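In case you want the letters, here they are:
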Amino acid sequence: MSDGRILSREQCADIVKRVAGFSRGDGETSVSIQSAWNGELRWARNRTSLASDRRNIFVIVKRRIKQKNGDAFTNQIDDVSLEAAVRSAERVALREPRREPTDLDIDLPVFEYPVPTIWSNATFDATAETRGSLAQMLTQDAETRSMLSAGYLEMRAAAFAEAGNGSDAYQGMAARPKPATPEPLEAGMQYGALTQGQCSMTVRHPKGTGSGWAGLSSFDWNTIDGATLARRALEKCLSSLNPVRIEPGRYTVVLDPQAVGDLVDLLMPPSDGTSPFERSEAERGKGPFVLGPDPMLGIVRTKLGLKVIDDRITIEHNYTDPQLGVVPGLGRHPITWIDKGVLRTLNYDRQYSAPNLNETVGAFMRPSYRMSGGTTTIEEMIASTPRGLLVSRFSNLNVLDEGSLLATGVTRDGLWLIENGKITKAVNNMRITESPLFVLNQIEELGVPVPIFRPEKYVLPRLTPAVVPSLKARDFSFTSTIDAV
Amino acid sequence: MPFTRRTFLRTGATTAATVAVASVVPRPLLAHLGRVPEPVPPIQDTRLKELTQRALDAAKRAGAVYADVRLTHLRMRIVQGDPRDIESMTVGVRALVNGYWGFATSPIWSFDEMERLSRESVHQAKTNILGRVRDVDLAPLPAVATGHWDMPVEIDPFSIHPDEISDYLKSLMTFTMARVQEVKFSAEQITAASISTIRETAFASTDGSFCTQRQYLSAGDFNFTMRNPVTYQSDSHHLELLLPAAMGWELFKRQPLRDEIEQRIAETVEFTNLPQAPVDVGRYNIAIDASSMSRVLSSTIGAATELDRALGYEANASGTSYLNDPTEMLGTYKIGNPFLNVTANRTEPKGAATVRWDDEGVAPTDYTIVNGGVLSEFSATREGAGWLKDYYNKTNTPRIPRGCAHGGRDILGGTYAPVVCTPNLAITPGNSPRNFDDCIRELGNGIAFRRMQFNMDFQQLNGLATGKAYEIKNGKRTAAIGGLGLLFRAPELWRSLSGLGGAESAQRFGMTTSKGEPPQMAFHSVTAVPAMFKDVTIVDVMRKA
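To keep things clear, this report deals only with the structure shown in the data block. Note that this is a predicted model, so its numbers are computed, not measured.

In this section: the overall build of chain A. Helix and strand counts for chain A stand at 11 helices and 21 strands. Going through the 485 residues of chain A one by one, you find that 62% of them count as buried. A total accessible area of about 18,000 Å² is found for chain A, and carbon and sulfur atoms account for 50% of it.

Here you go:
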């Protein structure tokens, strides 16, 4: 990976060394570096509409002087820009009102966790030519059948480096011990790199009477079989043509893993927003995991330790899981949020844990997760359903009530009626009013968990994969018919 | 997507989002224009023209029939307690070869890098030719873009000391706290942040364009929650005067923010003291405020008239459009009732989408999207205008690109290729001088909504909207109704429009949208008036099937 698309370990160490050299006076210096490369291809109407190669660099310099913090951001890595960044961080640090030392200023314990493999040469080495001919192959069948395919291929890589204890330790994220004897800043630098691949496409009838979608994301391009995805999207499009309207109401549903993932995103959001698992929020009486106020103690009790969903479901993140990987910078110990239906973890940071739990490590929300499943295939679920609906995926989901995670949204790219164990017809998309927590309490059968399409969309060097089963659930609430295809 | 500090940063570096402490700008950044690196020169510096020319020459040598290059120098200051400054430089080169586009970006402004990016973008384009024909017919430029433009603002936000900004925000918070306590409510979670950006761009294309501009965009994220101590009901507010706008510090300093805070407090006092009425689903006449109207305009008509959506170019991303046959629908499709007129522009002062030249070097012209209830134009890029060749030939209309190309407006601004963005939109007000209260009086009996949020499908066709709902009897707000929603199909809703507020009731609202793959962010403003609709479907949004 030394062709200049992303910064190498040596280049990062050099930046760190130069930053350390520019720091004046006492206090700690820390540096975060990220460099990102994206190789992308977008197509629409069976032709490539844009192919791109995009690169960028981010450097954050942090100075911590007598419990005062300052930082500066730049995307330039020459000497003058870096020195300006250091001076700027120092100016801010000296300007900031001095904080009284708190528990958070104690030295951190040592955490040694292996970095799992989140790098794939297959992803990094895929060239523009690879993407070009792949896109042609993926649109071929759609074009032959006179359908319109639109899709996106992306291979990306990012390098990240962290040196110094600075604000990461302050925030209680990555924890490194202070060395016994002073060492150069770059000697303690942590360096990592990751790749991400994604392939997704929507095949539509030119008159807009049918639409099918398929997609997959993974750090390893070898695990993404574009041809299968193209076939699936085309099949879904053809079999969704000319849908009929059925009455809204409660139906037994067979949800594709992607549909399950879309719903569970409300519970396990992939982005930086507040998650329903925030412990401090729950203790303020917010979110779905509030049990209620305890007037005797004057606190709000949470549902920690209580059963919240079906006991066949475990939702967890383990750094050794080869399909998940880790987020750079976050603590890497395994977390189980829901263990056989029981709420086990609500997330907190060090600011919370040090005073409240007498712990020095936080339990941070991870953007990726694995959900347990069963062994039933989708075909078997359909075969055992007298009347129900098969859902490909959901779109535009919005939470209506944070207390129950009741949300509204619509089905997209294929909805089929199941009658007497068989798919009998394509039906119009419908609006749903449902909560992932209700659905996960009404499970009948579960499929084998598989990776779904859940790429990190922005240029952040982190991964957001999820491994999710298909499932069959009863009494799923469809509230109105929509005629969008 | 609500515009918050978080959404702004999400599209940028995680680093920016995860570091909670302050910063001031690391100036100067360096450009490599001569033998030694030097501070980034002003965007009008003639050497930047040479830099862009180098990119264009290299692209042409490599085989591009058309190429453009965009240098972006972005400064952003976020003040939330402490200031945080972010500054970046980016460059993107786009090349067209045999109907295929290639694009390459990086953070380095140097002659060597221009050559590399041009070669790379031509290479990207060429790898997709593969014997298959793709026609690109770029609409001719109305005029070759040359010159420099400084967006006029009253107060450069970077001329104000961060401490002053911080103090100003604190004073607003103190004011809010005091006023909320005056009405005997408890104030919870008051947060305030200001976000100011200066975006300098230099654009050059092989059509001979070279133009530079300096644009401002400011926004505030001011939120507070009030709780009624008796009913324990709470109500949250997000100041609408601080939505994104092409303004400087005057967005804060010279707008009646305290008046809006007082109005909001009065609104909550009224709302939480009204008796609670149960949801009675059915068909009602309704009145909605200008804020709700701006959102329904943007999420139905605004998004649906983006040509790339209509033709399936966004099918795998943000979705398609119910206006799915542009050539047939233009000039004939009844999008709403005859007094619905919607115009679009990227020229209005303070409009969040306002530019002097778009990201393809097109000087935007104003146009009409809906004329007398009939669909009259789509928003398009230069390439998009070519997709409607048949329509233009049929109707003998000249193809005029309206300047809707937009290359992502966030801290990575220059690293996205242009796509169609929603322009600033405006609805033509009604003739009688009504405001929201007049609408409610005229309504007699029905339901009124304030500040609705819209959940649309992926074709902008079917929607469900929720907001603060009032029961209206004899022209008065008589009860508050929780969990009430408006369920609609866009064309039917616009055909049921029964009255519009007058020109005095018009308000501008800044909005953020995201589209494309990879997703990129853009801003626009919508100027709207309160409105009345007849016989629409009201549902209980919290009720399951």
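Next up on the list: helix H4 (residues 128-144) of chain A. Structural remark: α-helix, 3.6 residues per turn; residues separated by three or four positions point the same way. In this model, H4(A) (17 residues) spans 24 Å end to end at C-alpha, consistent with the 24 Å of a helix rising 1.5 Å per residue. Approximately 25° is the largest bend angle found in H4(A), and it occurs at A:Leu138. Of the surrounding elements, those touching the buried residues of H4(A) are strand S1 (28-44), strand S2 (47-65), strand S4 (148-163), strand S5 (190-204) and helix H6 (226-239) of chain A together with helix H4 (111-126) of chain B. Within two residues after H4(A), A:Ser146 carries a phi angle of roughly 60°, on the positive side.

Further remarks concern the pattern of salt bridges. Scanning the model with the defined rule gives 70 salt bridges over all chains in all. Of the charged contacts, one joins A:Glu445 and A:Lys472 as a salt bridge, the two residues approaching to 3.7 Å between their closest N and O atoms. With A:Glu445 in strand S18 (residues 443-446) and A:Lys472 in strand S21 (residues 471-481), the pair connects residues that are 27 residues apart, well separated along the chain. In this structure A:Lys472 comes out as buried when scored by relative accessible area, which is 3%. Here B:Glu260 makes a salt bridge to B:Arg264, at a shortest N to O gap of 3.1 Å.

Moving on, we come to unusual backbone geometry. Peptide bonds are, in most cases, trans, and in most cases residues other than glycine have a negative phi. Residues and elements named next belong to chain B. A cis geometry characterises the amide bond from Glu517 onward to Pro518, with omega recorded as -5°. Inspection of the secondary structure assignment puts Pro518 in the loop between strand S23 (507-515) and strand S24 (520-528). The backbone of Gln189 shows a phi angle near 50°, a positive value even though the residue is not glycine. Along the chain, Gln189 falls in strand S7 (residues 186-205). When its relative accessible area of 42% is taken as the criterion, Gln189 is described as partly exposed.

Residues and elements named next belong to chain B. With respect to the helices, strands and loops of the structure, Leu51 is situated in helix H3 (residues 46-62). A residue is classified by how much of its surface remains accessible, and Leu51, at 0% relative accessible area, is buried. When the C-alpha positions of Leu51 and Glu306 are compared, they lie 33 Å apart, and in sequence the two are 255 residues distant. Discounting residues that sit within four places of it in the chain, Leu51 has contacts with Leu33, Leu71, Trp109, Ser110, Phe111 and Met114.

Conventions and cut-offs
Residues numbered from 1 in each chain as written. Chains lettered and ligands numbered in written order. Predicted model: local features only at pLDDT ≥ 70, side-chain atom pairs only at ≥ 80, totals over all residues. Heavy atoms only, no water. Helix = DSSP H or I, 4+ residues; strand = E, 2+ residues; numbered from the N terminus. Buried < 20%, exposed > 50% of the residue type's maximum accessible area, 1.4 Å probe, protein only. Areas by Shrake-Rupley, 256 points an atom, 1.4 Å probe, with all protein chains shown as cover. Expected span 1.5 Å × (residues − 1). Bend = angle between axes of the 7 residues up to and from the residue. Contact = heavy atoms within 4.5 Å. Salt bridge = Lys/Arg side-chain N within 4 Å of Asp/Glu carboxyl O.

Keep in mind these numbers describe shape, not what the thing actually does.
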